[in-house]
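Structural description and commentary
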Amino acid sequence: MSDTVKYVLSEDRIPRSWYNILADLPEPLPPVLHPGTGQPIGPDDLAPLFPMALIGQEVSTEREIEIPEPVRQIYRQWRPSPLYRARRLEADLDTPAKIYYKYEGVSPAGSHKPNTAVAQAFYNKDAGTKRITTETGAGQWGSSLAYAACLFGIDVDVYMVRVSFEQKPYRKAMMESYGARCVASPSTETQAGRAVLEEHPDSTGSLGIAISEAVEVAAQNEDTKYSLGSVLNHVLLHQTVVGQEALEQMHMAGNYPDILVGCTGGGSNFAGMVNPFLGRQLRGGPKVRVIAVEPAACPSLTRGKYAYDFGDTGHLTPLVKMHTLGSTFVPPGFHAGGLRYHGMAPLVSHLHQLDLIEARAYHQKECFAAGVQFARTEGIVPAPEATHAIKGAIDEAMKCRAAGAGRTILFNMCGHGHFDMQAYSDYFADNLTDQAYDEGELAMALAGLPSVAA
Ligand SMILES: *Cc1c(COP(=O)(O)O)cnc(C)c1O
């Protein structure tokens with residue numbers, strides 16, 4: 001039996017700034033467009049939804065953005081998070097590869113999401129926001145924002161995708177424990193929700209619909225702002241504490257990764273881990289192979305189109321250029337593994353376009369199998385989302401075994417799965433299926449992409 005190898009940084013090593021990769025990229029991001037005029041939007045267009053500080057970060061090209069001291073103080077509750085060498089997994093795989101993982105499940109909500117939730121709550125408090133609206137899928141983001149906003153005395157209304165709301169009652173209880181209100185979406189509280197219900201009274205909901213509801217409420221109320229847990233530049237920026245710490249911990253380990261792996265839903269935990277490494281590469285440092293892993297049931301990076309699209313189903317958001325399956329795409333109901341958003345972060349899409357990262361998709365059963373192997377060797381039951389990264393890392397380690405090459409692999413273990421045990425039960429009972437998404441529905445959703453003059 002191999003010993004546990006854990007790399008721990010002291011509190012004063014919590015990063016003092018977030019890292020903005022836009023400062024190092026050879027090409028800027030395509031502009032965000034106003035859906036009515038087709039022209040680039042300005043800060044004022046976003047002001048009803050976000051505090052100015054976050055809008056500034058959204059468009060910033062500065063390399064280092066200082067982390068406010070109150071945010072660092074809260075980070076101290078669980079940061080720096082540990083980095084482990086997965087020695088028992090390596091032994092089980094009989095691979096010459098060295099596998100490391102950064103573990104973000106040590107946060108109060110059990111995932112990487114509080115890294116941005118705390119920052120967003122701080123800037124909202126500073127701007128006088130009384131209430132924040134948001135959407136949540138599996139409930140990870142809703143609980144993270146509920147936790148963070150509660151520390152700053154801000155109310156939170158969470159629109160939770162109905163199918164998850166019904167399947168995961170404990171996530172709602174967790175949000176309520178932090179004082180948030182959690183409503184099943186589509187709801188009758190908003191125009192957007194009522195419109196969906198009129199057409200599909202038994203709609204199971206989607207992230208796109210829940211976003212429409214949350215945005216609508218924020219846009220109509222002076223003291224209310226909207227918050228997103230992934231996709232946007234400022235969210236990815238806040239997550240870079242993960243990669244910056246990992247850089248230092250890999251240094252402690254006396255190693256540098258050849259291969260980085262992360263799972264991608266909207267792209268935030270992935271970018272948070274890989275961007276600081278890619279930044280080094282872009283500034284002349286060592287080259288890394290970077291792999292984004294997504295579910296075959298919702299394959300935006302591998303099967304989506306790189307095009308301008310809406311971020312939501314009700315078309316209330318601006319148009320962003322991203323890999324998208326179409327804003328009306330609803331991932332099939334059998335898919336248990338999270339990562340269900342129809343689009344991908346514009347920044348991650350851009351990195352893919354620039355050939356700085358590669359992408360691959362896996363079916364859910366092979367991901368759960370990887371997750372179970374990880375639990376039985378490393379002891380942590382991973383979030384279903386994280387099993388995609390584990391599967392990607394294991395596949396690379398097996399290639400090393402076949403080639404007799406001892407590469408160093410680092411992946412982001414973005415959360416634990418303690419609220420997702422139903423999905424594991426379904427896996428053990430062989431109730432999960434591996435169908436792909438419906439080709440016809442994807443074609444229809446893609447046909448509905450907005451037309452934007454080039
Ligand atoms: C929300 C979530 C994801 C997906 O979001 P990203 O922005 O792609 O990181 C992945 N893993 C966990 C544990 C999550 O909670």
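No experiment lies behind these values; they were computed from the predicted model shown.

1. Concerning the packing of helix H16 (residues 364–378) against helix H18 (residues 421–428)
Each pair of packed helices gets described by two things: the angle between the helix axes and the distance between those axes. Axis separation between H16 and H18 bottoms out at 11 Å; the angle between their running directions is 105°. One way to sum up the angle between H16 and H18 is to call them roughly perpendicular. Only Ala-423, Tyr-424, Tyr-427 and Phe-428 of H18 make contact with H16, whose side of the interface consists of Lys-365, Phe-368, Ala-369, Gly-371, Val-372 and Arg-376. When grouped by side-chain class, the residues that make up the contact of H16 with H18 number 7 nonpolar, 1 polar and 2 charged.

2. A closer look at the site of the ligand
Around the ligand, the structure places 16 residues, and the nearest of them are Lys-113, Ser-230, Gly-265, Ser-268 and Asn-269. A distance of 2.8 Å separates an oxygen atom of the ligand from a polar backbone atom of Gly-267. Taking Ser-268, its side chain carries an N or O atom lying 2.7 Å from an oxygen atom of the ligand. Starting from 380 Å² of accessible surface for the ligand in isolation, the protein chains cover 93%.

3. Quick notes on the sheet that holds strand S6 (residues 131–136)
The parallel open sheet is built from 4 strands, whose spatial order is S8-S7-S6-S9. The open sheet is flanked by strand S8 (181–185) and strand S9 (224–226), the only strands paired with a single partner. Within this sheet the neighbouring strands show an average axis-to-axis angle of 25°, counted without direction. One ladder, built from 3 bridges, connects S6 with S9; its direction is parallel. Opposite Arg-131, over in S9, you have Thr-224 as the bridge partner. Where helix H6 (residues 140–151) meets the sheet, its contacts fall on S6 and strand S7 (155–161), and the angle it forms with S6 comes to roughly 160°. Along the sheet face, helix H8 (residues 169–177) touches S6, S7 and S8 and points at about 170° away from the line of S7.

4. Digging into the sheet that holds strand S1 (residues 5–7)
In space, the 7 strands of this open sheet follow the order S1-S4-S5-S15-S10-S11-S14, with mixed pairing throughout. This sheet does not close on itself; its edge strands, each paired only once, are S1 and strand S14 (358–362). Neighbour-to-neighbour, the strand axes of the sheet open up by a mean angle of 25°, direction not taken into account. The sheet contact formed by strand S11 (residues 289–295) and S14 spans 5 bridges and is parallel.

5. So, the packing of aromatic side chains
The way to describe two aromatic rings as a pair is by their centre distance and the angle between their planes. All chains considered together, the criterion is met by 16 aromatic pairs. Arranged with centres 5.0 Å apart and planes meeting at 75°, the rings of Tyr-101 and Phe-374 form a pair that is edge-to-face. With Tyr-101 in strand S5 (residues 98–103) and Phe-374 in helix H16, the pair connects residues that are 273 residues apart, well separated along the chain. Like Phe-374, Tyr-101 is buried. What links up through ring pairs into an aromatic cluster is the set Tyr-75, Trp-78, Tyr-147 and Tyr-178.

Cut-offs and rules
- Residues numbered from 1 in each chain as written.
- Predicted model: local features only at pLDDT ≥ 70, side-chain atom pairs only at ≥ 80, totals over all residues.
- Heavy atoms only, no water.
- Axes fitted to C-alpha atoms, helices over the stretch in contact; angles between N-to-C directions.
- Helix = DSSP H or I, 4+ residues; strand = E, 2+ residues; numbered from the N terminus.
- Parallel < 35°, antiparallel > 145°, perpendicular 65-115°, else oblique.
- Contact = heavy atoms within 4.5 Å.
- Nonpolar A, V, L, I, M, F, W, Y, C, P; charged D, E, K, R; others polar.
- Near = heavy atom within 4 Å.
- Polar contact = N/O pair within 3.5 Å; in protein donor to acceptor, adjacent residues only side chain to side chain.
- Areas by Shrake-Rupley, 256 points an atom, 1.4 Å probe, with all protein chains shown as cover.
- Pairing = 2+ DSSP bridges.
- Phe/Tyr/Trp six-rings, centres within 6.5 Å; stacked < 30°, edge-to-face > 60°.
- Buried < 20%, exposed > 50% of the residue type's maximum accessible area, 1.4 Å probe, protein only.

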